[in-house]
Amino acid sequence: MRAVIQRVSRAQVRVEGQITGEIGKGLLVLLGIGKGDSNKEADALLEKMIHLRIFEDEEGKMNLSLLDVAGDLMVISQFTLYADCRKGRRPSFTDASPPEEAKVLYDYFISRAKSQGMKVAAGIFQALMEVELVNLGPVTILLDSSRDF
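How each quantity is defined
Counting restarts for each chain, with residues numbered from 1 along the sequence as it is written. Confidence filtering applies because this is a predicted model: local features only for residues at pLDDT of at least 70, side-chain atom pairs given and counted only at 80 or more, and all residues used for totals across whole chains, interfaces and linings. As a rule here, side-chain values cover all heavy atoms of the structure and leave hydrogens and water aside. Each Phe, Tyr or Trp ring (for Trp, its six-membered ring) is paired with any other whose centre lies within 6.5 Å, and the angle between the two planes then decides the class: stacked below 30 degrees, edge-to-face above 60, tilted in between. Helix numbering and strand numbering both begin at the N terminus, where a helix is a DSSP run of H or I of at least 4 residues and a strand a DSSP run of E of at least 2. Here the term buried applies to any residue with accessible area under 20% of the maximum for its type, exposed to any over 50%, and partly exposed to those in between, with areas from a 1.4 Å probe on protein chains only. For salt bridges, the criterion is a side-chain nitrogen of Lys or Arg within 4 Å of an Asp or Glu carboxyl oxygen. In the cavity and pocket records, a cavity denotes points on a 1 Å grid over the protein atoms alone where a 1.4 Å probe fits but cannot get out, a pocket denotes an open set with protein on both sides within 12 Å along at least 5 of 7 lines, and lining residues are residues with an atom within 4 Å of a point. Grid points are joined across faces, edges and corners, and a volume is the space filled by probe spheres set on the points. Side-chain classes follow a simple rule in which Ala, Val, Leu, Ile, Met, Phe, Trp, Tyr, Cys and Pro form the nonpolar group, Asp, Glu, Lys and Arg form the charged group, and the remainder, Gly included, forms the polar group.

### Remarks on the packing of aromatic side chains
The full count for this structure, using the stated rule, is two aromatic pairs. On the numbers, 4.9 Å between centres and 65° between planes, the contact of F79 with F93 is edge-to-face. Placement of the pair is F79 in the loop between β6 (72-77) and α2 (99-114) and F93 in the loop between β6 and α2, with a sequence separation of 14 residues. The class for F93 is partly exposed, based on a relative accessible area of 30%. Aromatic side chains Y106 and F125 sit 5.6 Å apart centroid to centroid with 45° between the ring planes, which places their arrangement in the tilted category. Note that Y106 is positioned in helix α2 and F125 in the loop between β7 (120-122) and β8 (129-144), a separation of 19 residues in sequence.

### Some remarks on the environment of D107
Counting through the fold element by element, D107 comes out in helix α2. Remark: the alpha-carbon pair of D107 and L28, spanning 79 residues in sequence, is separated by 16 Å.

### Some remarks on the pattern of salt bridges
Opposite charge on two side chains makes pairing possible when the charged atoms of those side chains draw close. Inspection of the entire model under this criterion finds seven salt bridges. In this structure, R2 engages D144 in a salt bridge whose closest nitrogen and oxygen atoms are separated by 3.0 Å. Taken together, the residues span a long stretch of sequence, with R2 in strand β1 (residues 2-15) and D144 in strand β8 at a distance of 142 residues. Under the relative-accessibility criterion, D144 is labelled buried at 10%. A salt bridge links E130 to R14; its shortest N-O distance comes to 3.4 Å. One end of the pair, E130, is in strand β8; the other, R14, is in strand β1, and 116 residues separate them in sequence. In the salt-bridge network here, residues are joined through shared partners; they are R10, R14, E130 and E132.

### Structural notes on the layout of surface pockets
In this structure, the largest pocket spans a volume of roughly 370 Å³. For the lining of the largest pocket, the secondary structure elements donating two or more residues are β3 (26-32), β6, α2 and β8. Looking at which element gives the most residues to the lining of the largest pocket, the answer is β3, with four residues. Of the residues in the lining of the largest pocket, the class split is 15 nonpolar, six polar and no charged.

As structure tokens, then:
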């Protein structure tokens, strides 16, 4: 699994002009699911992400996690994180999980996040979404389950 994590002061996602999710201070996560990913990778990625100390403490140091600041989480499916652009000009997505398998893991990830007691918002899987965010910092981090844990 791959995730682009952005620390935000707010974020919103719309589908066909309708707001399907919005959060205040927290993390916006673009989540890509690759072939062979399982609940094990989802659990490890979620655990890593909600405990990353990327929010500022009272001294202005990044010392606090999403849980420490009681932040919100927005999860957006993003198969394009598995784009392979090494050949030609059209990206290949052969390493991305097939949609029917990816949706199961995407839903699992969201349910596990909700079980942590935080506000969780999400886009609609496979929909054309408009994602709006205010990146706080900016702070943007890439996590990849194949190399980061």
